[in-house]
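Now for the letters of each chain:
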Amino acid sequence: MTSRASWLALAAVLTLTAACATTPPPPPPPVESGAPVPVWLDAALTDPGRPAADMARDAARRPAETLLFAGIRPGMKVADLIPGGGYFTRIFSKAVGPRGRVYAYVPGEFAAQAKREPAVAAVTNDPAYANTRMMVDTMPRFTAPEKLDVVFTAQNYHDLHTQRMGPVDVARVNKAVFAALKPGGLYIVIDHTAKAGTGLSAVDDFHRIDPALVRREIEAAGFVFDGQGDFLRDPKDRLNVSVFDKSIRGETDQFVYRFRKPGRARR
């Protein structure tokens, strides 16, 4: 099993690029090489309630680096947008602790097709994760019962543009995320990389998206680009096959973007 020390060594090389026109709250600080993992994060990752299958994916998904990059801390209010089976929902639940809250927002577009209870319900119905709540609604209607510190989505932003999803009004979705966040709140987007300049051409067949397009769409909603992480990059991925192809599945090149709602924003 990958050691906590090696995770921290990787976290120390995160690329953090500030790009704010206003003066927002400071970004999450980088982790010093060799520094101990925060107690709350270690407890979240070693939670005995996590399925063995989830823990087996940690080496590829790098949850320690991800949460540190996203600035997740105890007491935060977080939305796990398009949570799938709840891999991150469980981790967020233990990381934010009893004073925090995690909203697992399931797209109604997917739920209607599945014709079964969303997989993340196994987490939100579990008393061990009592600070979580599942919400099912269409993507353009995204909201939360309270203002959020972080909205997080991993490997699913491209789905907003797929025929399976509709596609939905992505501009409206990003504006809804903007409205749901507190001033200074963060929008974290992780997804499979498509070749530069390909736009949306790879979303249906390859389940990839051009990072530059994602950045333009989210900035158009009022967000400022606040940093990117390189810890999920993989130069071996030639970006020319589906992410489900057995030659690359679980080892795709992924971009990790952080956007911030300006601190002076009124909505």
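Remember, it's a predicted structure, so these values are computed and weren't measured experimentally.

Conventions used here
- Residues numbered from 1 in each chain as written.
- Predicted model: local features only at pLDDT ≥ 70, side-chain atom pairs only at ≥ 80, totals over all residues.
- Heavy atoms only, no water.
- Helix = DSSP H or I, 4+ residues; strand = E, 2+ residues; numbered from the N terminus.
- Polar contact = N/O pair within 3.5 Å; in protein donor to acceptor, adjacent residues only side chain to side chain.
- Contact = heavy atoms within 4.5 Å.
- Pairing = 2+ DSSP bridges.
- Axes fitted to C-alpha atoms, helices over the stretch in contact; angles between N-to-C directions.
- Core = buried A, V, L, I, M, F, W, Y, C linked by side-chain atoms within 4.5 Å.
- Buried < 20%, exposed > 50% of the residue type's maximum accessible area, 1.4 Å probe, protein only.
- Parallel < 35°, antiparallel > 145°, perpendicular 65-115°, else oblique.
- Left-handed = near helix turned anticlockwise from the far one by under 90°.
- Right-handed = clockwise from strand over helix to strand, strands pointing away.

Could you give an account of the environment of Pro 98, naming the residues involved and the relevant values?
Following the sequence through the fold, Pro 98 ends up in the loop between helix H6 (87–96) and strand S2 (101–107). In the structure, Pro 98 is positioned 31 residues away from Tyr 129 in sequence and 9.1 Å away in space, judged by C-alpha atoms.

So what's going on with the side chain of Asn 131? Residues and values would help.
Its place among the elements puts Asn 131 in the loop between helix H8 (121–124) and strand S3 (132–137). Among the polar contacts listed, one links the side chain of Asn 131 to the side chain of Ser 93, at a separation of 2.5 Å. Here Gly 97 takes part through its backbone oxygen, which lies 2.9 Å from a polar atom of the side chain of Asn 131. Beyond its immediate stretch of four places on either side in the chain, Asn 131 contacts Ser 93, Val 96, Gly 97, Gly 100, Arg 101 and Val 102.

I'd like a description of the sheet that holds strand S1 (residues 77–81), backed by residues and values.
On the basis of which strands lie adjacent, the open sheet formed by seven strands has the order S3-S2-S1-S4-S5-S7-S6 and mixed pairing. Of all strands in the sheet, those bounded by a partner on one side alone are S3 and strand S6 (224–229). Taken pair by pair, the neighbouring strands of this sheet meet at an average axis angle of 20°, ignoring direction. In the sheet, strand S4 (residues 148–154) pairs with strand S5 (residues 181–192) via six bridges, with the strands oriented parallel. Across the sheet, residue Ala 154 finds its bridge partner in S5, namely Ile 190.

I'd like a rundown of the nonpolar core, residues and numbers included.
Counting residues in each nonpolar core, the largest one holds 36 residues, and the members touching the most others are Phe 142 and Tyr 187. Of all the secondary-structure elements, those providing two or more residues to this core are S1, S2, S4, helix H9 (170–180), S5, helix H10 (211–220) and strand S7 (254–260). Broken down by element, this core gets its largest block of residues, six residues, from H9. Sequence-distant contacts of Tyr 187, that is, excluding residues within four places in its chain, are made with Leu 81, Val 151, Thr 153, Tyr 157, Asn 174, Val 177, Leu 181, Ile 218, Phe 223, Tyr 257, Arg 258 and Phe 259. Ala 70, Ile 91, Val 150 and Val 256 belong to the second-largest nonpolar core, a separate cluster that totals 28 residues.

Go over the packing of helix H5 (residues 63–70) against H6 with me, naming the residues and quoting the values.
When two helices pack together, you describe them by how their axes are tilted relative to each other and by the distance separating the axes. Where H5 meets H6, the closest approach of the two axes is 12 Å, and the angle between their N-to-C directions is 60°. One element, H5, and the other, H6, form an angle in the oblique class. For the crossing formed where H5 meets H6, the hand is right-handed. Counting all contacts with H5, which are made through Pro 63, Thr 66 and Leu 67, the residues of H6 involved are Tyr 87, Phe 88, Ile 91, Phe 92 and Ala 95.

Summarise the pairing of S2; cite the residues concerned and give the values.
Burial runs high along S2: six of the seven residues are buried. Bridge analysis of S1 against S2 gives five bridges, and the strand direction is parallel. Bridge pairing in S2 places Ala 79 opposite Tyr 103. Since S1 and S2 lie parallel, the crossover through H6 that links them has a hand, and here it is right-handed. The pairing of S2 with S3 spans six bridges and is classified as parallel. Its bridge partner lying in S3, Val 106 is registered against Val 136.

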